[in-house]
Amino acid sequence: QVQLVESGGGLVQAGGSLRLSCAASGRTFSNYAMGWFRQAPEKEREFVATISQSGGTTYYADSVKGRFTISRDNAKNTVYLQMNSLKPEDTAVYYCGAGPLAWRIRTGSPDYWGQGTQVTVSS
């Protein structure tokens, strides 16, 4: 079992930046690939980014590629999402997920979810 807690969300103007964090506990963090998803009001939850167990492989949704960066610090049991050049359409609740393989997370099937953190980007 893995417990995930997101933090770092907030209100930012378009073009600004935020850094989200997801702290994990319960099992060895390095055994899990990690990912970020988001869900805007009245929309389905969508994949944002994922990172492999070692951090050597990453995947991004086309909508965030070049603007967002996922990283992890296994010593701190934490995964991050650096979000730059934010757009109003990035407004959503962002969720952290954990699973055995990055490609499985990419398809939207993490085994564990955090509670989410709100990101609001104003125009």
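Above this text is the structure in question.
Residues numbered from 1 in each chain as written. Predicted model: local features only at pLDDT ≥ 70, side-chain atom pairs only at ≥ 80, totals over all residues. Heavy atoms only, no water.

## Points about the pattern of salt bridges
Overall, the coordinates contain four salt bridges when judged by the stated rule. Between R38 and E46 there is a salt bridge whose closest N-O contact spans 2.8 Å. Residue class for E46 comes out partly exposed when judged on its relative accessible area of 36%. A salt bridge links D90 to R67; its shortest N-O distance comes to 2.8 Å. Residue D90 is found in the loop between strand 8 (78-83) and strand 9 (92-99), and its partner R67 is found in the loop between strand 6 (58-60) and strand 7 (68-73); the two are separated by 23 residues along the sequence. (Salt bridge = Lys/Arg side-chain N within 4 Å of Asp/Glu carboxyl O. Buried < 20%, exposed > 50% of the residue type's maximum accessible area, 1.4 Å probe, protein only. Helix = DSSP H or I, 4+ residues; strand = E, 2+ residues; numbered from the N terminus.)

## Notes on the sheet that holds strand 8
Within a beta sheet, neighbouring strands are joined by backbone hydrogen bonds and run either parallel or antiparallel to one another. Strand order in this open sheet of four strands is 1-3-8-7, and the pairing throughout is antiparallel. The open sheet terminates on both sides in strands that have one partner only, identified here as strand 1 (3-7) and strand 7. In this sheet, neighbouring strand axes are inclined to one another by 15° on average, regardless of whether the strands run parallel or antiparallel. Relative to strand 3 (residues 18-25), strand 1 runs antiparallel, the two sharing five bridges. Paired with S7 across the strands is S21, a residue of strand 3. (Pairing = 2+ DSSP bridges. Axes fitted to C-alpha atoms, helices over the stretch in contact; angles between N-to-C directions.)

## As for the state of the cysteines
Per the counting criterion, the structure on display carries one disulfide. Across a sulfur-sulfur distance of 2.1 Å, C22 and C96 are joined as a disulfide pair. Measuring the twist about the S-S bond at about -85°, one finds the C22-C96 disulfide to be left-handed. Highlighted residues: C22 in strand 3 and C96 in strand 9, separated in sequence by 74 residues. As far as the burial class goes, C22 and C96 line up, both buried. (Disulfide = S-S within 2.5 Å.)

## A short note on the nonpolar core
If you look at the biggest cluster of nonpolar residues, it comprises 35 residues, and the most contacted ones within it are M34, W36, V79, L81, M83 and Y94. Among all residues touching M83, those that are not within four sequence positions of it are G16, S17, L18, L20, R67, F68, Y94 and V119. (Core = buried A, V, L, I, M, F, W, Y, C linked by side-chain atoms within 4.5 Å. Contact = heavy atoms within 4.5 Å.)

## Describing the packing of aromatic side chains
What the rule picks out here adds up to four aromatic pairs. A ring pair is formed by Y32 and Y112, whose centres lie 6.1 Å apart and whose planes are at 75°; its orientation type is edge-to-face. With Y32 in the loop between strand 3 and strand 4 (33-39) and Y112 in strand 10 (residues 112-113), this residue pair connects regions lying 80 residues apart in the sequence. The class for Y32 is buried, based on a relative accessible area of 10%. On the basis of an interplanar angle of 65° and a centroid distance of 4.9 Å, the ring pair of F37 and W113 is categorised as edge-to-face. In this pair, F37 sits in strand 4 while W113 sits in strand 10, placing the two residues 76 residues apart along the sequence. An aromatic cluster is defined as three or more aromatic residues linked by ring pairs; in this entry it consists of F37, F47, Y95 and W113. (Phe/Tyr/Trp six-rings, centres within 6.5 Å; stacked < 30°, edge-to-face > 60°.)

## Considering the pairing of strand 5 (residues 46-51)
Of all six residues in strand 5, five are buried; the element is thus mostly enclosed. With five bridges joining them, strand 4 and strand 5 adopt antiparallel strand pairing. For M34, the partnering residue across the bridge sits in strand 5 and is I51. The turn joining strand 4 and strand 5, which pair antiparallel and follow one another in sequence, is formed by six residues; a positive phi near 65° is taken by E42. Two strands pair when backbone bridges link them, and strand 5 and strand 6 are joined in this way by three bridges, in the antiparallel orientation. By the bridge assignment, I51 is partnered in strand 6 with T58. The turn joining strand 5 and strand 6, which pair antiparallel and follow one another in sequence, is formed by six residues; a positive phi near 90° is taken by G55.

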